[in-house]
Amino acid sequence: MTDVSNPGKLGEPLERLDGPAKVTGTARYAFEQPVDDPLYLQPLQADIARGKVVRIDTGAAEALSGVRAVLTHENAESLNSGVDVELAVLQSPEISYRGQVIGAVVADTQEIAAHAAGLVEVTYERHPHDTVFRSAEEIVYTPDSSSPMIGENLDQGDVDGALAAAEHTLDATYVTPAEYNNPMEPHATVAVWRDAELTLHDSNQGSHTVRDVVAPTLGLDPQRVHVFAPHVGGGFGAKGMPHAHVMLAALAARKLEGRPVKCALSRRQMFSLVGYRPPTRQRVRLGADAAGRLTATEHSALEQTSRVKEYAEQSASAARNMYASANRRITNELAALDVPVPTWMRAPGEAGGMYALETAMDEMALTCGMDPIEFRVRNEPERAPESGLPFSSRNLVSCLRQGAEMFGWNERDPEPGVREENGWLLGTGVAAATFPSFSIPGSKATIGYEPGGYYRVEIGAADLGTGSRTALSQIAAEALEVPVEAVRLHLGSTAQPRASIAGGSSGTASWGSTIVQAAREFRSEHGAEPAEGGETTAEAAANPSAGEYAMNAYGAQFAEVAVNADTGEIRVPRMLGVFAAGRIVNARTARSQFLGGMTMGLSMALHEHGVLDERFGHVVNHDFAGYHIAGNADVGSVEVSWLDEHDPHVNPMGIKGIGEVGIVGVAAAIGNAARHATGIRVRELPLTPEKFLV
């Protein structure tokens, strides 16, 4: 595969094309879409962790002026629960977790709807529940390996024998808590029924994906469902699939004679209705010879899931291919509990899994008496260890070397707990990062030549605030060999050709490859001087390198940490990330993506922790007052750099995903730095002060 012609369009730090609309407030998000005479929906949620509704008294709510309907399992229409049980709302009185939707109030204003919801009286039959995350035979099982997020357990060689014979060994367990997607724009939907067709203005990561799930759940032809998401204020995975509020709005709008229904979840409602990163408990065992070469790698992950709907991700999977090791065992298990359904959260699997692996690698380097960077370099594989495939490109060592030089790593005294300034213990740490690089097939793009001499490019992709409009416009301009100003890109809805979901850092690669193919076919059909009205629709060509190479983005994360010797307070004054992520489409938006990922990793390291009250099954810190995320005061100097990496195998542009590799490795780098500062090894996130007061 070769690069597209007319180089120079990609990589330029073009300002966001939608920037003026966003800073002036004219970019409309889902809840802001103008509709005539809307109603407002307030969900009703269960107050128990498990059981059933035996009586629901809606009389007082229905009698309130301005209330138009109260939906419950007693009057809701039948839905197809075989598509997605999470979306098949109000189909029975059964309650599977606290916060589950048990009804909805629809009223003339948000205030009336919220007030009326408080007037509904519910009587429950309580059943015993289990919300304690643990390794216990009665709740733990191995998920079906057909899940797209998880592979079969791996057992290569003789792990136990190699560990027994190893010169150096490590056996440690690492714990990560439940973490909650909190995009700036809350989850919101506006549902409109007209002429037996449903229109959804919805904040999502893929309008076609929403239609694909909502339509069969409602028993509708997908062509009768239209989904629009022109601007999305962040998603981080939680908006990858529709949730219960979307279906509630659709049901209410159909019931109420077609009047539009608006629903925006509150921050507290999001903690139980739109998913979260599940907590994990990960055991890592490593063995190495006298020279510091790994002879055995075992990574076993236990994750939480919901009894009502399985969610599994690949927390242990990075250990399959990260470092050379002749003997390898990788296992993933789930603990099914009476809790809300987890979902994707930025860098699902890798974020938590690499925290465990990269902390273990730091510990093992110290056990072997080696510098942490040199230990990683010594265990660099020549080919992907699991499959034996060559790497399409793997510049992890270059990231580590360049980062070490930029960070001043070689001036580091490896002795822990010996540097103190004004009552603060100082330390530095490093961790590697990786994330798969792939494209999702099936997207289509249309290119047309319009009066006025510009090219209309249509694709149903999503822009979550990451700069997709700008990046895809640059890709189209380069592929068509025209200035960016000659491209008019349209995205975000099912009115455009089908596009894959914005997830797994696959969006730009998938959609960009589709646009490149459409541009090539357009030029082949219409030439360099097309007639007005000329149009071509095309699907991305299959990648001939797929299955022939192992494809990943890589990075090296460095952190400087200060820990207060008296209080245990931890600060991170300096971070550096160096990445190898193929060709960079837009230097400006790429830097923002990497910065955002690293800041999210900092938040993961220091703050984020959903606290579940196991007696009642709910998250007690379910707002920004209790669920802390990194703020400006937490973020010091954050530097971002990347290598000029050429990878002809990943796609026609030579690009890799960058949205998630930025977060991977950050928490481990900070934890490793904290150990260097204090001499105390903490193996549980977040790194809160009391853990250093020992």
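Coordinates for the structure precede this section.
A. Seen up close, the overall build of the chain. Across its full length, the chain holds 14 helices and 27 strands. When its C-alpha atoms are laid out on the principal axes, the chain stretches across 75 × 70 × 50 Å. When burial is assessed residue by residue, the chain has 60% of its 694 residues classed as buried. Long-range pairs, those at least 24 residues apart, make up 81% of the contacts in the chain with a sequence separation of at least 6. One way to put it: in the chain the 57 positive side-chain charges average out to a point 1 Å from where the 87 negative ones average out.

B. Local environment of the sheet that holds strand 22 (residues 535-539). Strand order across the open sheet formed by four strands is 21-20-19-22, with mixed pairing between neighbours. Both outer strands of the open sheet, strand 21 (487-490) and strand 22, are each paired with one neighbouring strand and no more. Across this sheet, the average inter-strand angle for adjacent strands is 20°, counted without regard to direction. Across the face of the sheet, helix 11 (residues 468-480) comes into contact with strand 19 (444-450), strand 20 (454-458) and strand 21 while running at roughly 135° to strand 21. Lying on the sheet, helix 12 (residues 507-526) is in contact with strand 19, strand 20, strand 21 and strand 22; it crosses strand 22 at an angle near 140°.

C. Spatial organisation of the sheet that holds strand 24 (residues 570-580). The sheet built from five strands is open, its strands ordered 17-18-23-24-27 with mixed pairing. The open sheet has two edge strands with one neighbour each: strand 17 (420-421) and strand 27 (637-642). The pairing of strand 24 with strand 27 spans six bridges and is classified as parallel. Residue pairing in the sheet places methionine 575 in a bridge with valine 638 of strand 27. Against the sheet, helix 14 (residues 666-678) touches strand 18 (424-436), strand 23 (552-564) and strand 24, its axis set at about 155° to strand 18.

D. A look at the pairing of strand 13 (residues 261-264). As defined by bridge partners, strand 1 (residues 39-45) adjoins strand 13 across two bridges and the pair is classed as parallel. Within strand 13, the position partnered with leucine 39 by the bridge is valine 261.

E. Just the nonpolar core, in detail. Membership of the largest hydrophobic core comes to 91 residues, with the highest contact counts inside it found for Phe558, Ile570, Met575 and Ile670. In this structure, methionine 575 is in contact with Phe558, Ala559, Met598, Leu602, Ser637, Val638, Glu639, Val666 and Ile670, ignoring residues within four places of it in sequence. Residues Leu41, Trp193, Ala244 and Ala253 belong to the second largest nonpolar core, which totals 39 residues.

F. Looking closely at the packing of helix 13 (residues 587-606) against helix 14. At a minimum axis distance of 8 Å, the contact between helix 13 and helix 14 shows a crossing angle of 50°. On the basis of the axis angle, helix 13 is oblique to helix 14. Regarding helix 13 and helix 14, the two cross each other, and that crossing is right-handed. Of the residues in helix 14, those in contact with Met598, Gly601, Leu602, Met604, Ala605 and Leu606 of helix 13 are Val666, Ala667 and Ile670. Looking at the contact of helix 13 with helix 14 residue by residue, the class counts come to eight nonpolar, one polar and no charged.

G. Looking closely at unusual backbone geometry. Cis geometry marks the peptide bond from leucine 685 to proline 686; its omega dihedral reads -5°. In this structure, aspartate 37 is a non-glycine residue whose phi angle is positive, near 55°. By secondary structure assignment, the location of aspartate 37 is in the loop between helix 1 (19-23) and strand 1. Although it is not a glycine, glutamate 481 adopts a positive phi angle of roughly 60°. Along the polypeptide, glutamate 481 turns up in the loop between helix 11 and strand 21.

H. Broad picture of helix 8 (residues 350-367). A rise of 1.5 Å per residue sets the reference length of helix 8, with its 18 residues, at 26 Å; its end C-alpha atoms lie 24 Å apart and thus fit the reference within 8%. Most of helix 8 sits out of view: 16 of its 18 residues are buried.

I. Seen up close, the packing of helix 11 against helix 12. Where helix 11 contacts helix 12, the axes come no closer than 9 Å and their chain directions differ by 30°. On the basis of their axis angle, the class for helix 11 and helix 12 is roughly parallel. Where helix 11 crosses over helix 12, the handedness of that crossing is right-handed. Here Ser468, Leu472, Ile475, Ala476, Ala479 and Leu480 of helix 11 come into contact with helix 12, specifically with Thr508, Trp511, Gly512, Ile515, Val516, Ala519, Phe522 and Arg523. Taken together, the residues that form the contact of helix 11 with helix 12 break down as 10 nonpolar, three polar and one charged.

J. The arrangement of the pattern of salt bridges in detail. Summed over all chains, the structure comprises 40 salt bridges. A salt bridge links arginine 583 to glutamate 478, with the nearest nitrogen and oxygen atoms 3.1 Å apart. Remark: glutamate 478 occurs in helix 11 and arginine 583 occurs in the loop between strand 24 and helix 13; sequence separation between them is 105 residues. The residues arginine 583 and glutamate 478 share a single accessibility class, namely buried.

K. Spotlight on the packing of aromatic side chains. One pass over the structure, following the stated rule, counts 12 aromatic pairs. Measuring from centroid to centroid gives 4.2 Å for phenylalanine 579 and phenylalanine 594, while their planes differ by 0°, and the two rings are stacked. Placement of phenylalanine 579 in strand 24 and of phenylalanine 594 in helix 13 is noted, with a sequence separation of 15 residues between them. What makes phenylalanine 594 buried here is its relative accessible area of 0%.

L. Expanded view of the side chain of arginine 681. For arginine 681, the position within the fold is in the segment after helix 14. Looking at arginine 681, its side chain comes within polar contact range of the side chain of aspartate 362, at 2.7 Å. Looking at arginine 681, its side chain comes within polar contact range of the side chain of asparagine 672, at 2.9 Å. Not counting chain neighbours up to four residues away, the residues in contact with arginine 681 comprise Thr359, Asp362, Glu363, Leu366, Gly671, Asn672 and Arg675.

Criteria and thresholds
- Residues numbered from 1 in each chain as written.
- Predicted model: local features only at pLDDT ≥ 70, side-chain atom pairs only at ≥ 80, totals over all residues.
- Heavy atoms only, no water.
- Helix = DSSP H or I, 4+ residues; strand = E, 2+ residues; numbered from the N terminus.
- Buried < 20%, exposed > 50% of the residue type's maximum accessible area, 1.4 Å probe, protein only.
- Contact = heavy atoms within 4.5 Å.
- Lys, Arg positive; Asp, Glu negative; His and termini not counted.
- Charge placed at Lys NZ, Arg CZ, Asp CG, Glu CD.
- Pairing = 2+ DSSP bridges.
- Axes fitted to C-alpha atoms, helices over the stretch in contact; angles between N-to-C directions.
- Core = buried A, V, L, I, M, F, W, Y, C linked by side-chain atoms within 4.5 Å.
- Parallel < 35°, antiparallel > 145°, perpendicular 65-115°, else oblique.
- Left-handed = near helix turned anticlockwise from the far one by under 90°.
- Nonpolar A, V, L, I, M, F, W, Y, C, P; charged D, E, K, R; others polar.
- Expected span 1.5 Å × (residues − 1).
- Salt bridge = Lys/Arg side-chain N within 4 Å of Asp/Glu carboxyl O.
- Phe/Tyr/Trp six-rings, centres within 6.5 Å; stacked < 30°, edge-to-face > 60°.
- Polar contact = N/O pair within 3.5 Å; in protein donor to acceptor, adjacent residues only side chain to side chain.

Just geometry here; none of it tells us what the structure is for.
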